Structures are given as C-alpha cells and as structure tokens.
Amino acid sequence: MNLIVDIGNTRTKIALFEKNTLVKKAFWTDNALEELNGLLGREKIDASVLSVSGSENRAIETLLKSAGFFIRLDSGTPVPIINKYKTPQTLGVDRLAAIVGLYALNQKDPLNGYNVAIDTGTCVTYDFLSKNNEYRGGNISPGLRMRLQAMHHFTARLPLATLQNPESGFIGDDTDSALRYGALAGLRAEISGMILLWSKKLEPVRAVLCGGDAETIFNYEPLHNAFHEPDLTAIGLNYILNFNYKPENNLPSSP
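Now for a quick tour of the structure. Quantities reported herein were computed from a predicted structural model and do not represent experimental measurements.

**As for the overall build of the protein**
Turning to step 1, where the next piece is worked out: Summing up its helical and strand segments, the protein has seven helices and eleven strands in all.
Turning to step 2, where the next piece is worked out: Compactness check: the protein gives a C-alpha radius of gyration of 19 Å against a globular reference of 18 Å for 255 residues, within 12% of the reference.
Turning to step 3, where the next piece is worked out: Dimensions along the principal axes, computed over C-alpha positions, put the protein at roughly 60 × 45 × 30 Å.
Turning to step 4, where the next piece is worked out: Taking all 255 residues of the protein together, 44% fall into the buried category.
Turning to step 5, where the next piece is worked out: For the protein, the share of sequence-separated contacts (at least 6 apart) that also reach a separation of at least 24 residues comes to 55%.
Turning to step 6, where the next piece is worked out: Total accessible area on the protein stands at roughly 13,000 Å², and carbon and sulfur atoms take up 51% of it.
Turning to step 7, where the next piece is worked out: Of note, the protein has its 25 positive side-chain charges centred 6 Å away from the centre of its 27 negative side-chain charges.

Structure follows, in structure tokens:
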C-alpha cells in the first residue's frame with residue numbers, strides 16, 4: 001500500500017493507493033500527526049511520499065520515515081517528465097505533483113497537444129505539460145478566498161463575504177452577494193478566458209481542474225475543454241512514488 005501525505009496551506013490531505021488505484025482519502029485540518037499515527041497502526045504501508053507546500057511538520061516526516069520506504073518530494077526528486085522551468089528549485093512541490101498527475105492521466109488518454117493543470121487553492125496555478133512530456137511553466141493568480149479577503153482587508157467598509165452554499169449568480173443584490181459573485185464569477189471568467197487564449201495560441205488544450213475550490217468553480221457553470229479531477233495531485237504523488245520505489249531492490253528510505 002502506498003501512502004500519500006500532502007501538507008498544504010490550510011489542511012493535510014492523505015491518500016492510500018494500491019499500485020495506481022486510489023482506495024481511501026481523508027482531509028485533516030488539525031491533529032494530523034495523531035491521525036496519521038493511528039492510520040499507520042491500522043494499515044500496512046509499504047512506501048510513502050510527503051509533499052509540503054504549507055508549514056513544516058518534522059514530526060510527520062520522522063513518523064513516515066519509520067514506516068518503510070519514504071521520499072520527500074523536492075526539486076531533486078526523479079520524476080517522469082522533462083522539467084523546463086528556469087528555476088526548478090522555486091517550483092512549488094504541489095505544482096510539480098499536479099504536473100506529474102497530468103502525465104499519468106495522459107498515459108491513459110493521450111492528447112496531441114497541451115494538458116494544463118489548474119489548481120484552485122490559496123492561489124490558482126496554471127501549469128502546462130506538452131505532448132512531449134515537457135513542463136513548460138505556467139501562471140499564478142489569487143485564489144477565490146484570497147480575493148474575498150483582499151477586498152475586505154484593503155477597504156474600510158467592505159465585509160468579509162463567505163462562500164457557504166454559493167448559488168449561481170452574476171449580479172449581486174446586496175454587498176455580500178456582490179462580493180461573492182464578483183470573486184466567484186470573476187475567477188471562473190479568468191479560467192475560461194485563459195483556456196480560450198491557450199486554445200488560440202497553442203495546440204489542442206485540455207484543462208484539468210483540481211484543488212479545494214475546483215468543485216465550487218466547476219459546478220458554477222461548465223467550462224469548455226475542461227474537466228474536474230479532484231485527486232490530480234494525489235495521483236501525481238503516487239506516480240512519483242511508484243517511479244522511485246523499486247521493492248525488488250529493497251531500497252532504503254531516502255534521507
């Protein structure tokens with residue numbers, strides 16, 4: 001069994017894979033170490049991978065190292081793509097995992113063009129993988145909640161709007177809905193416009209949405225040439241783990 005641990009800015013995400021099949025996943029906002037320790041007591045883990053894009057948690061890393069073969073994803077980890085990023089050491093590991101997730105999906109359903117990962121988390125990241133499996137870079141913009149927080153923080157009177165049960169709409173009839181529609185419809189329009197621009201400038205483009213706000217954005221209104229894969233990052237991390245873990249060689253955990 002492969003264990004995937006992804007520490008983000010707001011929560012810790014875990015997934016269990018049997019080879020390439022996802023069998024279980026969970027999200028923890030606190031007590032991640034205790035939850036993980038309990039999981040290791042219940043499941044037989046052969047190998048694990050750790051991705052950290054949020055706050056460091058050395059205790060979790062130490063725990064995973066004690067459970068079998070272990071890798072921590074960084075810019076030096078071997079991956080099955082060609083990384084053309086000019087500063088690979090500054091590329092977020094969450095972005096790298098999503099790119100490899102694109103690679104894994106493309107093995108099943110090849111596209112003679114560009115696959116694009118759109119990760120809608122604290123920030124929205126757009127990352128391009130060519131038909132030759134080259135990572136060509138991408139873009140970063142403010143995420144949905146960051147937009148709402150910025151409007152509240154940088155103005156004297158605007159409240160902090162919420163996204164609870166966000167219904168579809170385009171014109172707000174009070175301040176809260178005006179802020180909510182502005183952020184949600186605006187981000188959706190940004191993503192749709194980006195896909196349209198890429199489709200004109202590049203070869204055929206297939207966009208894959210993932211991240212915490214992807215379902216909200218995707219359900220708001222369908223997006224052309226795009227689909228929602230909530231487990232894209234976990235799929236990529238599992239692929240990286242399988243790419244590095246060779247049980248027949250009895251490899252030790254990486255330092």
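**So, the nonpolar core**
Turning to step 1, where the next piece is worked out: Counting residues in each nonpolar core, the largest one holds 30 residues, and the members touching the most others are I4, L73, I81, L232 and L241.
Turning to step 2, where the next piece is worked out: By residue number, the principal contributor to this core is helix α3 (residues 93-108), which donates eight residues.
Turning to step 3, where the next piece is worked out: When neighbours within four sequence positions are excluded, I81 is seen to be in contact with L96, I99, Y103, L129, N133 and Y135.
Turning to step 4, where the next piece is worked out: Core analysis: the second largest hydrophobic core is formed by 26 residues, L144, A183, L184 and I195 among them.

**Some thoughts on the pattern of salt bridges**
Opposite charge on two side chains lets them pair, provided their charged atoms get close.
Turning to step 1, where the next piece is worked out: Scanning all chains against the criterion turns up 14 salt bridges.
Turning to step 2, where the next piece is worked out: Residues K13 and D6 are paired through a salt bridge, measuring 3.6 Å at the closest nitrogen-oxygen approach.
Turning to step 3, where the next piece is worked out: The class for K13 is partly exposed, based on a relative accessible area of 26%.
Turning to step 4, where the next piece is worked out: The closest approach of N and O atoms between D176 and R180, which form a salt bridge, is 2.4 Å. With D176 and R180 both in helix α5 (residues 175-201), this residue pair falls four residues apart, about one helical turn.
Turning to step 5, where the next piece is worked out: Taken together, the shared-partner salt bridges in this structure form one network comprising R58, E61, K65 and R72.

**A short note on the packing of helix α1 (residues 32-42) against helix α2 (residues 58-65)**
Turning to step 1, where the next piece is worked out: Two elements in contact, α1 and α2, have axes whose closest approach is 10 Å; the angle formed by their N-to-C orientations is 10°. Considered as vectors, α1 and α2 are oriented roughly parallel to each other. Along its contact with α1, which presents A32, L33, L36, N37 and L40, the element α2 presents A59, I60, L63 and L64.
Turning to step 2, where the next piece is worked out: Of the residues belonging to the contact of α1 with α2, the class tally is eight nonpolar, one polar and no charged.

**Brief notes about the sheet that holds strand β3 (residues 21-28)**
Turning to step 1, where the next piece is worked out: Strand order in the open sheet formed by five strands is β3-β2-β1-β4-β5, and the pairing between neighbours is mixed. Every other strand in the sheet has two partners, leaving β3 and β5 (69-72) as the edge strands with one partner each. Here the average twist between neighbouring strands, direction ignored, is 15°.
Turning to step 2, where the next piece is worked out: Strands in contact with helix α7 (residues 232-244) are β1 (2-7), β2 (12-18), β4 (47-52) and β5; relative to β1, the strand with the most contacts, it is inclined by about 130°.

**Quick notes on the side chain of N106**
Turning to step 1, where the next piece is worked out: Looking at the secondary structure, you find N106 in helix α3.
Turning to step 2, where the next piece is worked out: What makes N106 buried here is its relative accessible area of 8%.
Turning to step 3, where the next piece is worked out: Only 2.9 Å separates the side chain of N106 from the side chain of R206, close enough to count as a polar contact.
Turning to step 4, where the next piece is worked out: Residue contacts for N106: discarding those within four places in its chain leaves L111, N115 and R206.

**Some words on the packing of aromatic side chains**
Turning to step 1, where the next piece is worked out: Evaluation of the coordinates by the stated rule reveals six aromatic pairs.
Turning to step 2, where the next piece is worked out: Ring centres 5.4 Å apart and planes at 85° place the aromatic pair Y103 and Y239 in the edge-to-face group. With Y103 in helix α3 and Y239 in helix α7, this pair connects stretches of sequence that are 136 residues apart.
Turning to step 3, where the next piece is worked out: Ring centres 5.5 Å apart and planes at 70° place the aromatic pair Y126 and W198 in the edge-to-face group. With a gap of 72 residues between them, Y126 in strand β8 (residues 123-129) and W198 in helix α5 connect regions that are remote in the sequence.
Turning to step 4, where the next piece is worked out: Residue classification places Y126 among the buried positions, given a relative accessible area of 0%.
Turning to step 5, where the next piece is worked out: When its relative accessible area of 5% is taken as the criterion, W198 is described as buried.

Quick notes on the rules
Residues numbered from 1 in each chain as written. Predicted model: local features only at pLDDT ≥ 70, side-chain atom pairs only at ≥ 80, totals over all residues. Heavy atoms only, no water. Helix = DSSP H or I, 4+ residues; strand = E, 2+ residues; numbered from the N terminus. Rg over C-alpha atoms; globule rule 2.2 N^0.38 Å. Buried < 20%, exposed > 50% of the residue type's maximum accessible area, 1.4 Å probe, protein only. Contact = heavy atoms within 4.5 Å. Areas by Shrake-Rupley, 256 points an atom, 1.4 Å probe, with all protein chains shown as cover. Lys, Arg positive; Asp, Glu negative; His and termini not counted. Charge placed at Lys NZ, Arg CZ, Asp CG, Glu CD. Core = buried A, V, L, I, M, F, W, Y, C linked by side-chain atoms within 4.5 Å. Salt bridge = Lys/Arg side-chain N within 4 Å of Asp/Glu carboxyl O. Axes fitted to C-alpha atoms, helices over the stretch in contact; angles between N-to-C directions. Parallel < 35°, antiparallel > 145°, perpendicular 65-115°, else oblique. Nonpolar A, V, L, I, M, F, W, Y, C, P; charged D, E, K, R; others polar. Pairing = 2+ DSSP bridges. Polar contact = N/O pair within 3.5 Å; in protein donor to acceptor, adjacent residues only side chain to side chain. Phe/Tyr/Trp six-rings, centres within 6.5 Å; stacked < 30°, edge-to-face > 60°.

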